[in-house]
Amino acid sequence: MRGLHAGRNRPEGACPNPQLMERPPQPGPVQPDLLPLPNGRVCKPVRAGRKTPRTRLNPTTLHAQQADLFALPLPPLPRSRFMPDEIRLSIVPSPEKLPTDGQDAFLYMVVPQHLAQDFMVTGLPLDRRAPLMLTERSGISPWLAKTADTTTGYDEARPVVLRLKRALVAQALEPDPDHTAEFATVCYLLSGN
């Protein structure tokens, strides 16, 4: 039996040579893959029980480093509407006389008369949940035809065509692929982005 050596019984799992357990570990490099320091310099080990002194910040230097957040100007509120004069909103008196080909500097929308009067007074609202639809000049005829089909038989007045300057609302537009396909011309949503 090899487990019994020199007449002593060792318990199962015990180290075969107890003298190896009592030998102190040899100090060695912590990361042997690191290159040695140049010119024979030696790193001093940091002792676990010793604290390094910290520099204390003076309360007067703390205030000089941090700006007063309440003194900064407030960011501007998000835009909620375009005013009629600002975007040159106007009513098109006879939309059927407009040429349907080509682009111009305006975008158009077809709305009922009561909404047209409201928009002319208060401006166009910017709402991401219910954006207004705008179209090119060539989209007026299909939009009027669709409006005539959906309002047949009602005692509603004739819809009104509004126009506004394209360059003044360009930042608030996003493409409307559904109505573009339906009207076969480019349509936009006035969402405010």
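Basis of the calculations
Residues numbered from 1 in each chain as written. Predicted model: local features only at pLDDT ≥ 70, side-chain atom pairs only at ≥ 80, totals over all residues. Heavy atoms only, no water. Helix = DSSP H or I, 4+ residues; strand = E, 2+ residues; numbered from the N terminus. Buried < 20%, exposed > 50% of the residue type's maximum accessible area, 1.4 Å probe, protein only. Contact = heavy atoms within 4.5 Å. Patch = residues over 30% accessible without salt bridge, like charges linked within 9 Å, V, L, I, M, F, W, Y side chains within 5 Å. Areas by Shrake-Rupley, 256 points an atom, 1.4 Å probe, with all protein chains shown as cover. Salt bridge = Lys/Arg side-chain N within 4 Å of Asp/Glu carboxyl O. Polar contact = N/O pair within 3.5 Å; in protein donor to acceptor, adjacent residues only side chain to side chain. Phe/Tyr/Trp six-rings, centres within 6.5 Å; stacked < 30°, edge-to-face > 60°. Lys NZ or Arg CZ within 6 Å of the ring centre and 35° of its normal. Arc of directions from axis to C-beta. 1 Å grid on protein atoms, 1.4 Å probe; cavity = no way out; pocket = protein on both sides within 12 Å on 5 of 7 lines; lining within 4 Å. Points joined across faces, edges and corners; volume = space filled by probe spheres on them. Nonpolar A, V, L, I, M, F, W, Y, C, P; charged D, E, K, R; others polar. Core = buried A, V, L, I, M, F, W, Y, C linked by side-chain atoms within 4.5 Å.

Enquirer: Just checking my understanding: could you explain the overall build of the protein for this structure?
Expert: A tally of regular secondary structure across the protein gives 7 helices and 8 strands. Across the 193 residues that make up the protein, the buried fraction comes to 22%. Taking as baseline every contact in the protein between residues at least 6 positions apart, the subset at least 24 positions apart corresponds to 77%.

Enquirer: Can you walk me through the environment of P112 in this structure?
Expert: By secondary structure assignment, the location of P112 is in the loop between β3 (106-111) and α4 (113-122). Taking the C-alpha atoms as reference points, P112 and T147, separated by 35 residues in sequence, lie 9.4 Å from one another.

Enquirer: Which parts of the structure should I look at to understand a nonpolar patch on the surface?
Expert: Judged by side-chain polarity, L69, F70 and L72 come together as a nonpolar surface patch covering roughly 420 Å² of accessible area. Take L72: it is sitting in the loop between α2 (59-65) and β1 (81-82).

Enquirer: Would you mind showing me how to read the side chain of S191 here?
Expert: Along the chain, S191 turns up in the segment after β8 (187-190). Given the relative accessible area of 6%, S191 is considered buried. One polar contact links S191 to E174, side chain to side chain, over a distance of 2.9 Å. If we ignore the near neighbours within four places in the chain, the residues touching S191 are L126, D127, R128, P131, A172 and E174.

Enquirer: Looking at this model, I keep getting lost on the packing of aromatic side chains. Mind explaining?
Expert: By the definition in use, this model includes 1 aromatic pair. One residue, R163, lies across the ring of F106, its end atom 4.3 Å from the ring centre.

Enquirer: Honestly, the side chain of T135 in this entry has me stumped. Any pointers?
Expert: Among the structural elements, T135 can be located in strand β5 (residues 132-135). A polar contact is formed between the side chain of T135 and the backbone oxygen of V186, at a distance of 3.4 Å. Setting aside anything within four residues of it in sequence, one finds T135 in contact with L107, Y108, I140, W143, T185, V186 and C187.

Enquirer: Teacher, can you tell me more about helix α5 (residues 140-150) here?
Expert: For an α-helix, 3.6 residues make a turn, and residues three or four places apart therefore share a direction. I140, W143 and T147 are the residues of α5 that are buried. Angular distribution of buried residues about the axis of α5 spans 70°; they occupy a single face of the element. Among the structural elements, β3, β5, β6 (160-165) and α7 (177-183) are those in contact with the buried residues of α5.

Enquirer: How should empty space enclosed by the protein be read in this particular structure?
Expert: Unfilled space is identified by rolling a water-sized probe across the atoms. Per the counting criterion, the structure on display carries 1 cavity of 30 Å³ or more. Size it by volume and the largest cavity reaches roughly 30 Å³. Its residues assigned to classes, the lining of the largest cavity shows 4 nonpolar, 2 polar and 1 charged.

Enquirer: Even after reading the chapter, I still don't get the pattern of salt bridges, so can you show me in this structure?
Expert: Oppositely charged side chains may form a pair once their charged atoms are brought near each other. Using the criterion set out here, one finds 4 salt bridges in the structure. The closest approach of N and O atoms between E86 and R79, which form a salt bridge, is 2.1 Å. Relative accessible area serves as the criterion here: at 36%, E86 is assigned to the partly exposed category. The shortest N-O distance in the salt bridge between E182 and K146 comes to 3.1 Å.

Enquirer: Could you clarify how one ought to interpret the nonpolar core in this entry?
Expert: Where a protein is soluble and globular, its nonpolar side chains tend to be buried together. Counting 31 residues, the largest nonpolar core has M109, F119, L124, L162, V169 and L190 as its most contacted members. Secondary structure elements with two or more residues in this core: β3, α4, β5, α5, β6 and β8. Ranked by residue count, the leading element in this core is β3, at 6 residues. In contact with L162, not counting residues within four places along its chain, are L89, S90, I91, L107, Y108, M109, V111, A116, F119 and M120.

Enquirer: Help me out: how do you make sense of the environment of S80 in this one?
Expert: Within the secondary structure layout, S80 lies in the loop between α2 and β1. Once the C-alpha coordinates of S80 and P125 are considered, the two residues, 45 residues apart in sequence, prove to be 6.0 Å apart. With residues near it in sequence (within four places) discarded, S80 still touches L124, P125 and L126.

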